[in-house]
Each structure stands twice: as C-alpha cells, then as structure tokens.
Amino acid sequence: MLTYLALLLIKLGWTMQLIHNSTGGRVPRYWRPPYGDSDVRTGAIAKEVFGLQTVFWNNEYVLFIFLAFIRYQLISSWLITITITTS
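A brief look at the structure comes next. (Residues numbered from 1 in each chain as written. Predicted model: local features only at pLDDT ≥ 70, side-chain atom pairs only at ≥ 80, totals over all residues. Heavy atoms only, no water.)

Examining the side chain of Thr42
Right, on to step 1. Inspection of the secondary structure puts Thr42 in helix α2 (residues 40–50).
Right, on to step 2. Note on Thr42: relative accessible area 3%, which makes it buried.
Right, on to step 3. Dropping the residues within four chain positions of it, Thr42 is found in contact with Tyr4, Leu8 and Trp31. (Helix = DSSP H or I, 4+ residues; strand = E, 2+ residues; numbered from the N terminus. Buried < 20%, exposed > 50% of the residue type's maximum accessible area, 1.4 Å probe, protein only. Contact = heavy atoms within 4.5 Å.)

This is the structure we're talking about:
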C-alpha cells in the first residue's frame with residue numbers, strides 16, 4: 001500500500017508531466033489543493049520537490065469569475081444580435 005507521501009508525489013508529478021506534455025514544455029508554477037485541503041507538510045513537499053507555490057481562493061472569487069463569464073456571454077450575444085439584425 002502506498003503512503004500519503006508516495007501518493008502526493010505521484011499525483012503532483014504526473015499532473016505536472018501532463019501539463020508539460022500538453023502545453024509544449026510549459027511547467028506550472030502554482031497549484032491549488034483540491035477543496036483547499038492542505039497542510040504544512042503538503043505545501044512543503046509541493047514547494048521543495050516540485051517548486052510549486054500553493055494558492056488558495058475562496059468562493060467569492062469563484063462567484064466573481066462566474067458572474068464575469070455570464071456578463072461576457074450576455075454582452076457577446078447582444079453584440080452578435082445587433083450585428084445580425086443591422087446587416
């Protein structure tokens with residue numbers, strides 16, 4: 001059975017490799033633990049082994065991005081409608 005440390009190393013390493021392969025060689029600098037579930041040990045491993053800076057955000061930020069996306073979609077569809085009807 002794999003230990004917590006082994007699983008963490010496998011997950012972070014595999015994810016970084018997938019990002020590297022799919023972006024033409026780019027390597028991530030930041031990571032966000034799922035559900036913000038992280039401790040000092042996890043953050044230290046991510047930083048020391050992979051050079052990743054841990055990033056946290058709250059639901060307000062996610063809500064802000066969601067609302068900005070909705071506003072963008074509404075404005076885009078409105079502009080497309082005006083362009084089609086005036087042409």
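Focus: helix α1 (residues 4–22)
Right, on to step 1. Here α1 is 19 residues long and its end C-alpha atoms lie 27 Å apart, about the 27 Å a rise of 1.5 Å per residue gives.
Right, on to step 2. What α1 keeps buried is the set Leu8, Leu12 and Met16. Down the axis of α1, the smallest arc covering the buried residues is 45°, so these residues share one side. Exposed positions of α1 whose direction lies more than 90 degrees from the buried face are Lys11, Trp14, Asn21 and Ser22.
Right, on to step 3. Tucked into the core, α1 has its buried residues touching β1 (30–31) and α2. (Expected span 1.5 Å × (residues − 1). Arc of directions from axis to C-beta.)

Some details on α2
Right, on to step 1. Buried within α2 we find Thr42, Gly43, Ile45 and Ala46. What you see down the axis of α2 is that its buried residues fit within an arc of 160°, all on one side. Facing away from the buried side of α2 by more than 90 degrees, the exposed set consists of Val40 and Glu48.
Right, on to step 2. The inward-facing, buried residues of α2 abut α1, β1 and β2 (53–54).
Right, on to step 3. A positive backbone phi angle near 70° is found at Gly51, which sits one or two residues after α2.

With respect to the layout of surface pockets
Right, on to step 1. Of the volumes computed, that of the largest pocket is approximately 390 Å³.
Right, on to step 2. As for the largest pocket, its lining consists of 18 residues, of which Leu8, Lys11, Leu12, Trp31 and Pro34 are closest to the centre.
Right, on to step 3. Take the lining of the largest pocket: its biggest share by element is eight residues, from α1.
Right, on to step 4. Counted by class, the lining of the largest pocket contains 12 nonpolar, three polar and three charged residues. (1 Å grid on protein atoms, 1.4 Å probe; cavity = no way out; pocket = protein on both sides within 12 Å on 5 of 7 lines; lining within 4 Å. Points joined across faces, edges and corners; volume = space filled by probe spheres on them. Nonpolar A, V, L, I, M, F, W, Y, C, P; charged D, E, K, R; others polar.)

A word on the packing of α1 against α2
Right, on to step 1. Running from amino to carboxyl end, α1 crosses α2 at an angle of 50°, the nearest separation of the two axes being 11 Å. Classified by the interaxial angle, the pair formed by α1 and α2 is oblique. Taken as a pair, α1 and α2 cross one another with a handedness that is right-handed. The segment α1 lies against α2, with Tyr4, Leu5, Leu8, Leu9, Leu12, Gly13 and Met16 engaging Arg41, Thr42, Ile45, Ala46, Val49 and Phe50.
Right, on to step 2. Split into classes, the residues belonging to the contact of α1 with α2 amount to 10 nonpolar, two polar and one charged. (Axes fitted to C-alpha atoms, helices over the stretch in contact; angles between N-to-C directions. Parallel < 35°, antiparallel > 145°, perpendicular 65-115°, else oblique. Left-handed = near helix turned anticlockwise from the far one by under 90°.)

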